Amino acid sequence: MSNRVRFAPSPTGYVHVGSLRTALYDYMFARKHDGKYVLRIEDTDRTRLVDDAIENLINAFEWAGIMHDEGPFFEEGKMVQRGDYGSYIQSERLDTYRPYVDQLLESGHAYYCFCSKERLDEVRAKNKEKGIISGYDGHCRDGSLEEAKKRVAAGESYVVRLKMPEDRELVFEDMVRGTVKMNTADSDDQVLLKADGFPTYHMAVVVDDHLMGITHMIRGEEWLPSTPKQIILYEALGWPQPKYAHLPNILNTEKKKLSKRHDSVAVEDFKKKGYLPEALINFLALVGWSPEGEEEIMTLEEMTKQFSFERVSKSGGVFDVQKLNWMNNQYIKNADDDRLTDLAMPYLVESGIINEDGLEGHFDWVKKIVSLVKEKLEYMAQITDYVPLFIGDVVEITDDSAMEMIKLDHVPTLIDALVGKFESAEAFDAPSVKKLFKEVQKETGIKGKNLFMCTRIAVTGQEHGSDLMETIAILGKDNVVKRMTSVKENYC
Ligand code: GLU
C-alpha cells in the first residue's frame, strides 16, 4: 500500500508555526517515501468557523512552498478540490459518518446517551469535589439499544458515545516516541455524534483517515490522549490501524509552550515582517528534528532526503527567534537582489520613505541599497532603518564621539581634497571612488580612521555603516559633494 499522510487542521483564521511544522514533516515524509500528502479541513466545530480561514490557510502553505497533493486549492480566487477521496472538507462529508455511528451502535461499541446538560454539569461538579478529572459517569452506558431507539423515535435529544473498554492496556508503536502504553481507564466515553447530528473530531478523524487511505498519522503531541479512543474506534470498525507519529511541542526560549498570547506564532506575521519562506521552513524543520551532519542551512530537498522520525526528538523543540533571525539573514545574504527589492518596496511605501507613484522609478536605486545592506538585514522590514540615510543632502551629526572626530584639525583639509577629486571625477562607481581615496591618502598623508571614519561622518553623520565606497557611489557625486561641503561649513 502506498504511503499516505495528512495534515488535518481546524481552520482558525491564522496558521500557527507548529501547524506549518507538522505540514512540513508530512510533506517531507510523503516526498521521501513516494507517498501522497493530503490536506483535509476539519471544520465540524461550527462555533469556531472563521471567514476565509481555508483560503488564508492555503495561502500560507503556498507561500511556504509546502503544498499538498490532494485536497482543496485556490485557483483564481475560487476553491477547487483535487484528489480521488474528496470531499476533503469535513462539513461537506456529513452524510459519510452516520452509517459508521450506526454500525458501532449495532455492534455494541457505542451507545445512545440521553443525559441532560444539567445532569452532566452535576456529574462534573461532583467529580471536581472529589478531585477527579471530569469525565462521563457511564449513566446511559448499559441501557438497552431497543429502549434507546424508542426514545430517539419519540424525538428525545441524544448524543452517541463510544463504549471504551473499562481497563485495558493499549500498546502502540509511535514513530517518534517508540513503544507507548496507555490504559483505556484514563479515557472516558467520548461523544462520537453530537446532539446536532455532527460527528465529533474523534469520529470524523477515524472515518476520514480510513476512507482516505491514510497510512501514517503525523500530529502534535497534544493529540496523544486521543490516540487510545481512536485505536479503539479502528478496532471496533474492523479497520487496520495507521502508524502514529506524535511531534514534540514547540517551546519558547523560556521552555514554555509557544502561545499566541506571549509569542509570535502566526506564519502570516513572519511573512509580514519579511522572513523568507525557505528560511522559515529550514528553521522550523530543525525545531524538533536534527539532521545527521553539522550543517544547518539546508534546502527543502536536502532536508527531505535526510528526514526521518528517528531523529525527531521526544522532548520539546525550542523556537528561538534569534536563531531564526540569524538563519533568515543567511538566506537574505544569498538571495537575488531583484527579489529582495520587490520585497523591500512595500515597507518603504508603507513607512512613507518612498511614494507609491514613484515605485518603478525608484527600483534601481532601492536595489543598490538593498544589495549594499542586505548582509545586515534579519528580515526585510528592517530595510526602513537603512534607506533614509540615502535621502536628502543634509547631514546631521548627533553622536558625541562622531562630533569629536569631525572637529579634528585635519578634517577641513580632507574634505577639500576629496571634494576636489570628486568634482572632477569622470566615473563615480565604487572602485573609481576607492582610487580617489588612495590619491588623497598619498597627497595629504591622512590615513586610517582619520581618512575613512571622518569621511563617513561627513557623508552620513555616523561612525559606522555599510561599505563606504559603495555608500558614496550610491549617493552620487553631487549629493556627496553637497553633504561634505555643508558638514565643513556647519560642524568643522
Ligand atoms: N483537527 C485536528 C487539529 O485541529 C487534527 C488533529 C489530528 O491530526 O488528528 O489539529
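The structure under discussion appears in the preceding block.
Cut-offs and rules
Residues numbered from 1 in each chain as written. Predicted model: local features only at pLDDT ≥ 70, side-chain atom pairs only at ≥ 80, totals over all residues. Heavy atoms only, no water. Helix = DSSP H or I, 4+ residues; strand = E, 2+ residues; numbered from the N terminus. Buried < 20%, exposed > 50% of the residue type's maximum accessible area, 1.4 Å probe, protein only. Contact = heavy atoms within 4.5 Å. Areas by Shrake-Rupley, 256 points an atom, 1.4 Å probe, with all protein chains shown as cover. Lys, Arg positive; Asp, Glu negative; His and termini not counted. Charge placed at Lys NZ, Arg CZ, Asp CG, Glu CD. Near = heavy atom within 4 Å. Polar contact = N/O pair within 3.5 Å; in protein donor to acceptor, adjacent residues only side chain to side chain. Nonpolar A, V, L, I, M, F, W, Y, C, P; charged D, E, K, R; others polar. Pairing = 2+ DSSP bridges. Axes fitted to C-alpha atoms, helices over the stretch in contact; angles between N-to-C directions. Expected span 1.5 Å × (residues − 1). Arc of directions from axis to C-beta. Bend = angle between axes of the 7 residues up to and from the residue. Parallel < 35°, antiparallel > 145°, perpendicular 65-115°, else oblique. Left-handed = near helix turned anticlockwise from the far one by under 90°.

S.K.: Report on the overall build of the chain, specifying residues and quantitative values.
M.R.: A count of helical and extended segments in the chain gives 19 helices and 13 strands. With the C-alpha coordinates aligned to their principal axes, the bounding extent of the chain is approximately 105 × 50 × 45 Å. The buried share of the chain, reckoned over its 492 residues, is 49%. Across the chain, contacts joining residues at least 24 apart in sequence account for 73% of those joining residues at least 6 apart. Summing over all exposed atoms, the chain offers an accessible surface of approximately 24,400 Å²; the carbon and sulfur share of this is 47%. Charge centroids of the chain, computed over 63 positive and 83 negative side chains, lie 3 Å from each other.

S.K.: Could you give an account of the site of the ligand, naming the residues involved and the relevant values?
M.R.: Looking at the ligand, the residues that line it are R6, A8, S10, E42, Y201, V205, R219 and W223. Taking Y201, its side chain carries an N or O atom lying 2.6 Å from an oxygen atom of the ligand. Here R219 contributes a side-chain N or O atom positioned 2.8 Å from an oxygen atom of the ligand. Within the complex, 85% of the 290 Å² of free accessible area of the ligand lies under protein. Class assignment of the residues belonging to the shell around the ligand gives a composition of four nonpolar, one polar and three charged.

S.K.: Could you give me a rundown of the sheet that holds strand β6 (residues 159–162), with the residues and numbers involved?
M.R.: Read across the open sheet, the three strands follow the order β5-β6-β9; overall the sheet is antiparallel. Edge positions in the sheet fall to β5 (110–113) and β9 (191–193), since each has one partner strand and no second. With direction set aside, neighbouring strand axes in the sheet form an average angle of 45°. In this sheet, β9 lies alongside β6 in antiparallel orientation, the contact comprising two bridges.

S.K.: Tell me about the environment of G213, and please be specific about residues and values.
M.R.: Tracing the backbone through its elements, the reader meets G213 in the loop between α6 (201–211) and β10 (216–220). By relative accessible area, G213 is classed as buried at 19%. Separated by 128 residues in sequence, G213 and Y85 have C-alpha atoms that sit 8.6 Å apart. G213 has contacts with R4 and Y85, leaving out every residue within four places of it along the chain.

S.K.: An account of the pairing of β6 is requested, with residue identities and associated values reported.
M.R.: Taking every second residue as pointing to the same face, both faces of β6 are buried, with V159 and R161 on one and V160 and L162 on the other. Across four bridges, β5 lies against β6 in antiparallel orientation. The residue of β6 that forms the bridge with Y112 is V160.

S.K.: Could you give me a rundown of helix α15 (residues 411–424), with the residues and numbers involved?
M.R.: Between its terminal C-alpha atoms α15 stretches 20 Å, which fits the 20 Å expected from 14 residues at 1.5 Å a residue. Of the residues making up α15, those classed as buried are V411, L414, I415, L418, V419, K421 and F422. Down the axis of α15, the buried set is contained in an arc of 165°. They therefore lie on one face. Turned more than 90 degrees away from the buried face of α15, the exposed residues are E423 and S424.

S.K.: How would you explain helix α13 (residues 359–373) if you had to name every residue and give the values?
M.R.: Over its 15 residues, α13 runs 19 Å from end to end, which matches the ideal 21 Å to within 8%, given 1.5 Å per residue. W365 marks where α13 bends most, by close to 35°. Restricting attention to buried positions, one finds in α13 the residues V366, I369, V370, L372 and V373. Its buried side turned inward, α13 meets α12 (337–350) and α18 (468–475).

S.K.: Would you mind going over the packing of helix α17 (residues 448–460) against α18 in detail, with residue names and values included?
M.R.: At their nearest, the axes of α17 and α18 sit 11 Å apart, and the two run at 30° to each other. Looking at the two axes, α17 sits roughly parallel to α18. Crossing angle aside, the handedness with which α17 passes α18 is left-handed. Residues F452, T455, R456, V459 and T460 of α17 form the contact with α18, whose participating residues are L468, M469, T471, I472 and L475. For the contact of α17 with α18, the residue count by class is six nonpolar, three polar and one charged.

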